[in-house]
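Below are the chains, spelled out letter by letter.
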Amino acid sequence: MDLEASDSYGSWSGAEIETFLSETRIPLRLSFAGNSGLLIVPVWFEYQAGRLWSCSPSDSFLVRALRDNAEVAFDVSTNDLPYRGVRGRGRASCTTAADNQTLERLLQRYLAGTDNPLAQWLLSRDVSEAVIEIDVTWLTSWDFSDRMATIEKISARLPGSAL
């Protein structure tokens, strides 16, 4: 979906949505239809050229389900106050990757590199990765910053609490 920079999509302009999706390190919550019903899974993602990109092992339940039914919904939203984010719908396509470029970009984005045990484990697996490309067909944004401006963040009110 091509966002017009100055057009409004809910609370934010196209430019603000693109900035949020490009800069946030919050996993995307991806909803899809599995063989037993609807599911939601968190996945690392990157936003490029109006599309959402992720990856998963080619033989994973997620990839098999998306190949059977490409319709998805998604949410990228903050876990602490003020609540804000982007949600939408789209169609996913999965292609088997010839290399780990997408996974490496996601590791850089979420773990700041590959020099850590999790990244090394992910890269050392003997599995082929599928690149998941989500063609966004509809989206909107919301931002409760104004109505929550006087409320202290949960992390400040409840130190040590998991969000």
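These notes cover the structure that comes with them. (Residues numbered from 1 in each chain as written. Predicted model: local features only at pLDDT ≥ 70, side-chain atom pairs only at ≥ 80, totals over all residues. Heavy atoms only, no water.)

Considerations on the nonpolar core
Piece 1. Membership of the largest hydrophobic core comes to 36 residues, with the highest contact counts inside it found for Leu21, Leu30, Leu52 and Leu66.
Piece 2. Sort the elements by how many residues they give to this core and strand β9 (residues 129-143) lands first, with five residues.
Piece 3. Setting aside anything within four residues of it in sequence, one finds Leu52 in contact with Leu21, Leu28, Phe45, Glu46, Tyr47, Phe74, Ile132, Glu133, Ile134 and Val136. (Core = buried A, V, L, I, M, F, W, Y, C linked by side-chain atoms within 4.5 Å. Buried < 20%, exposed > 50% of the residue type's maximum accessible area, 1.4 Å probe, protein only. Helix = DSSP H or I, 4+ residues; strand = E, 2+ residues; numbered from the N terminus. Contact = heavy atoms within 4.5 Å.)

Here's the deal with the pairing of strand β3 (residues 28-34)
Piece 1. Burial analysis of β3 places five of its seven residues in the buried class, which makes it a mostly covered element.
Piece 2. Alignment of β3 against strand β4 (residues 37-43), held across seven bridges, turns out to be antiparallel. For Gly34, the partnering residue across the bridge sits in β4 and is Gly37.
Piece 3. The antiparallel hairpin formed by β3 and β4 contains two residues in its connecting segment.
Piece 4. Pairing of β3 with strand β7 (residues 71-77), which is carried by four bridges, proceeds in the antiparallel orientation. When the sheet's bridge partners are listed, Leu30 is paired in β7 with Phe74. (Pairing = 2+ DSSP bridges.)

Overview of the packing of aromatic side chains
Piece 1. Under the counting rule described, the total for this entry stands at three aromatic pairs.
Piece 2. A ring pair is formed by Trp12 and Phe20, whose centres lie 5.0 Å apart and whose planes are at 50 degrees; its orientation type is tilted. Taken individually, Trp12 and Phe20 each receive the classification buried, so the pair is uniform in this respect.
Piece 3. Seen from their ring centres, Trp44 and Tyr110 are 5.2 Å apart, and the 5 degrees between their planes marks the pair as stacked. Placement of the pair is Trp44 in the loop between β4 and β5 (46-48) and Tyr110 in helix α3 (residues 101-111), with a sequence separation of 66 residues.
Piece 4. A relative accessible area of 15% means that Tyr110 is categorised as buried.
Piece 5. Above the plane of the ring of Trp142 lies Arg87, whose end atom (NZ or CZ) is 4.4 Å from the centre. (Phe/Tyr/Trp six-rings, centres within 6.5 Å; stacked < 30°, edge-to-face > 60°. Lys NZ or Arg CZ within 6 Å of the ring centre and 35° of its normal.)

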